[in-house]
Amino acid sequence: MNKIIVANWKMNPQSKKEAEVLFNSISKGIKNIKNSQIIICPPFPFLSVFGNNKSKKIFLGAQNVSIENEGSHTGEVSASMIFSMKGKYAIVGHSECRSSGETNKTVNTKILNLIRNKISPIVCVGEKDRDHDGNYLSFIEDQIRECLNGVSKTQIKNLIIAYEPVWAIGKNATREATKEEFIEMKIFIKKVISDLYDSKIAHSIPILYGGSVNSLNAKSFAIEGGADGLLVGRDSLNPKKFEAILNALK
Ligand code: PGA
């Protein structure tokens, strides 16, 4: 099965020129990759630069979207703007956005806006810490239930879930997650979706892993751990490292 590999560039790189160089090196590097679908999520201003790329393997995604649809909302970007820039996906609920005030309710509004505008939401969920009593499981369950409020059975078919434990993300990660931890979480997320919808839908929704993904652990999560794909931050900014992740999944 094709793996979905999301490149989350975050607030990088700093110029259009550098973004083009990065995008072109990634496109070149993936010529021989057959079993992955790549979604590049550059910062908003660069979406328009890559909208007309001809690659059949690379799709474009945004890193966020407004809860509003139009009007007097300074600095906001609507789902229809992303669609008109040929964005097919958008990340919502990333822990870095949640840490600056995004709630499950706003993620929910964003998901509904995106789906209405024919953009597939990549919904990030993940706990800040793990406790021995397993309270992190109910935390994840609440995130999913509240984020999917009002999303119909037909609408949810376009949705991707990315499990990103906050403690394993970025330079401040306390440690790497293990494939066993991912497997447990994947089963749990599928159960929550199955309770909310049905088992067929739970089976079909892709569940990605994200958090310090690199070429050494990619196979462990995506092949041995059964992740339907990976969400890559830092290592998506280095074409060689990104290519090595894709090669590890061959
Ligand atoms: P990282 O970022 O790969 O740099 O840990 C992942 C993410 O935040 O999505």
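Coordinates for the structure precede this section.
Residues numbered from 1 in each chain as written. Predicted model: local features only at pLDDT ≥ 70, side-chain atom pairs only at ≥ 80, totals over all residues. Heavy atoms only, no water.

### Looking at the nonpolar core
Part 1 of the argument: Ile111, Ile189, Ile193, Tyr209 and Leu230 are the most contacted members of the largest nonpolar core, which has 67 residues in total.
Part 2 of the argument: With 6 residues, helix α7 (residues 179-196) is the single largest residue contributor to this core.
Part 3 of the argument: When sequence neighbours within four positions are dropped, the list of residues in contact with isoleucine 189 reads Val125, Ile140, Ile144, Ile161, Tyr163 and Ile207.
Part 4 of the argument: Tyr89, Ile122, Ile160 and Leu208 belong to the second largest nonpolar core, which has 12 residues in total. (Core = buried A, V, L, I, M, F, W, Y, C linked by side-chain atoms within 4.5 Å. Buried < 20%, exposed > 50% of the residue type's maximum accessible area, 1.4 Å probe, protein only. Helix = DSSP H or I, 4+ residues; strand = E, 2+ residues; numbered from the N terminus. Contact = heavy atoms within 4.5 Å.)

### As for helix α6 (residues 135-147)
The α-helix winds at 3.6 residues per turn, so residues separated by three or four positions along the chain end up facing the same way.
Part 1 of the argument: If you check α6, its first and last C-alpha atoms are 18 Å apart, about what 13 residues at 1.5 Å a residue would give, namely 18 Å.
Part 2 of the argument: Taken residue by residue, α6 has Tyr136, Ile140, Gln143, Ile144 and Cys147 as its buried positions. Take α6 and look down its axis: the buried residues cluster within an arc of 90°, on one side only. (Expected span 1.5 Å × (residues − 1). Arc of directions from axis to C-beta.)

### Points about the sheet that holds strand β3 (residues 58-62)
Part 1 of the argument: Taken in spatial order, the 8 strands of this closed barrel run β1-β2-β3-β4-β5-β6-β7-β8, and their pairing is parallel. For this sheet, the mean inter-axis angle between neighbouring strands, taken without regard to orientation, is 25°.
Part 2 of the argument: Bridging between strand β7 (residues 207-210) and strand β8 (residues 229-232) involves 3 bridges; their strand directions are parallel. Residue pairing in the sheet places tyrosine 209 in a bridge with leucine 230 of β8.
Part 3 of the argument: Relative to β7, α7 is tilted by about 140°, and along the sheet it contacts β5 (120-125), β6 (160-163) and β7. (Pairing = 2+ DSSP bridges. Axes fitted to C-alpha atoms, helices over the stretch in contact; angles between N-to-C directions.)

### Remarks on the packing of α6 against α7
Part 1 of the argument: The geometry of α6 relative to α7 is characterised by a closest axis approach of 10 Å and an angle of 45° between their N-to-C directions. The angle between the axes of α6 and α7 places the two elements in the oblique class. Every pair of crossing elements has a handedness; the one defined by α6 and α7 is right-handed. Contacts between α6 and α7 involve Tyr136, Leu137, Ile140, Glu141, Ile144 and Arg145 from the first element and Glu184, Met185, Phe188, Ile189, Val192, Ile193, Asp195 and Leu196 from the second.
Part 2 of the argument: Residue composition of the contact of α6 with α7, grouped by class: 10 nonpolar, no polar and 4 charged. (Parallel < 35°, antiparallel > 145°, perpendicular 65-115°, else oblique. Left-handed = near helix turned anticlockwise from the far one by under 90°. Nonpolar A, V, L, I, M, F, W, Y, C, P; charged D, E, K, R; others polar.)

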